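# Summary of structural features
Read off the chains here:
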Amino acid sequence: MPDLETTLIPPGLAERLRTARYVAVLTGAGISAESGIPTFRDPQSGLWANYRPEDLATPAAFRANPRLVWEWYAWRRAAVAGVVPNAGHRALVEIEARVPHFLLLTQNVDGLHQAAGSHAVVELHGNIRRVKCFDRGHAVATWAEAGDVPPLCPLCGSPLRPAVVWFGESLPADALARAADAIARCDLFLALGTSLRVEPAASLPADALARGATVLILNREVADRVAPPLYQINGLAGTVLPALLEAAWPEMAGSGSRS
Ligand code: OAD
């Protein structure tokens, strides 16, 4: 009877991971779903099924109703504070430790990759645990939750906002440069738990394919597909990634390093 990882992992993919020189990874909300953080676009449970992004995640929304936006992000920040990384995050830590070159690009703002132990992480959309001021972008390390809502910047008095990228805003230039470099250099690109509907991240798998990389797309909405250099797996990150890890490095099975 085939074991778990050989049924989940299409032929050839584990070998490509095992022999890759440079693995670049793009993650989205789906990789944190099994930690209990809602995605954006899953029907019913997704944040954008219940809230309108134009009311909450744009500079215009903040100008129109800063208290509402601050409080919505405070609610999300509190939700993130209570969760821990899952098996999908941990598998990426193990892959980083085993390949010569590795970069993890994440659209997530929850900080769970770093909490799991990933080192080479680029936050394309910022981090919800940090804040900056709206007018000047001053990074503010601590702020009082009482008093003004939103609190005010101690340097310039402008309202504080989450240090995330909103719709209509540019991604940080250094993050984009590191993403472009990874796409140019990687021989394996993994797009994990993202619907690939928001640019510029959405174009990265096609860019990587065009540059000659093998690409895996793993989420819960693609059809299973084995068409090297493109692989698609419909599955859960917390199940498929540990299986891929084990298929690529079977000698590590049972070592206890992935508990
Ligand atoms: P989405 O909510 O658009 O997509 C989440 C993806 O994860 C979907 O393809 C799901 O099928 C998949 N998924 C759900 N659970 C999964 C699991 N356990 N394992 C694997 N896949 C799973 O989230 P993102 O693609 O991250 O931006 O969204 C991109 C950006 O749009 C976000 O960064 C955010 C949002 O609006 C801003 O707020 C600016």
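Throughout, a residue's number is its position along its own chain's written sequence, starting from 1. Under the rules for a predicted model, residues below a pLDDT of 70 receive no local features and side-chain atom pairs below 80 are neither given nor counted, while totals for whole chains, interfaces and linings still include all residues. Working from all heavy atoms in the structure, the side-chain values ignore hydrogens and water.

### Some thoughts on the sheet that holds strand E5 (residues 139–140)
Hydrogen bonds between backbone atoms are what pair the strands of a sheet, whose relative direction is either parallel or antiparallel. Spelled out, the test is: Strand pairing requires that DSSP identify at least two bridges connecting the strands. The way it works is that DSSP assigns letters per residue, a run of H or I at least four long becomes a helix, a run of E at least two long becomes a strand, and they are numbered from the N terminus. Throughout, a residue-residue contact means that at least one pair of heavy atoms, one from each residue, lies within 4.5 Å. For helices, the fitted axis covers only the stretch in contact; all axes are lines through C-alpha atoms, and the angles between them, taken along N-to-C directions, range from 0 to 180 degrees.
In space, the three strands of this open sheet follow the order E5-E4-E6, with antiparallel pairing throughout. Single-partner strands in this sheet number two, and they are E5 and strand E6 (160–164). Sheet topology places strand E4 (residues 126–133) next to E6; five bridges connect them, and they run antiparallel. Looking across to E6, one finds that Gly-126 is bridged to Val-164. Running at roughly 140° to E4, helix H7 (residues 66–81) makes contact with E4 and E6 of the sheet.

### Considerations on the pairing of E4
For a regular strand, the rule is simple: side chains alternate between the two faces of the sheet. As judged from the two bridges shared by E4 and E5, these two strands associate in the antiparallel manner. Of the residues in E5, the one forming a bridge with Val-131 is Val-140.

### What about the site of the ligand?
To keep things clear, this is the line we draw: Distances are taken per atom, and a residue is near a molecule or strand as soon as one of its heavy atoms is within 4 Å of it. Polar contacts, as used here, are pairs of N or O atoms within 3.5 Å; protein pairs need one atom able to donate a hydrogen and one able to accept it. Residues neighboring in sequence count only if both atoms are side-chain atoms. Surface exposure here means Shrake-Rupley accessible area, sampled with a 1.4 Å probe, where a residue is shielded only by the protein chains that are shown. Under the scheme applied here, ten amino acids are nonpolar (Ala, Val, Leu, Ile, Met, Phe, Trp, Tyr, Cys and Pro), four are charged (Asp, Glu, Lys and Arg), and all others, including Gly, are polar.
With respect to spatial proximity, 24 residues lie near the ligand, and among them Arg-41, Trp-48, Thr-194, Ser-195 and Glu-221 are the closest. Between the ligand and Phe-40 there is a distance of 2.8 Å, counted from an oxygen atom to a backbone nitrogen or oxygen. A distance of 2.6 Å is found between an oxygen atom of the ligand and a side-chain nitrogen or oxygen belonging to Ser-195. For the ligand, whose unbound accessible area comes to 800 Å², protein coverage reaches 96%. Partitioning the shell around the ligand into residue classes produces nine nonpolar, 10 polar and five charged.

### Quick notes on the pattern of salt bridges
Basically, it comes down to this: Here, a salt bridge means any side-chain nitrogen of Lys or Arg that lies within 4 Å of a carboxyl oxygen of Asp or Glu. Between buried and exposed lies partly exposed: a residue is buried under 20% and exposed over 50% of the maximum accessible area for its type, with that area taken using a 1.4 Å probe on protein chains only.
Per the counting criterion, the structure on display carries nine salt bridges. For Arg-18, the salt bridge is made with Glu-251, and the minimal N-O distance between the two is 3.3 Å. One end of the pair, Arg-18, is in helix H2 (residues 13–19); the other, Glu-251, is in the segment after helix H12 (237–248), with 233 residues separating them in the sequence. On the accessibility criterion, Arg-18 (37% relative accessible area) is partly exposed. Judged by relative accessible area, Glu-251 falls into the partly exposed class, the value being 49%. One continuous salt-bridge network, built from bridges that share partners, spans Arg-52, Glu-54 and Asp-55.

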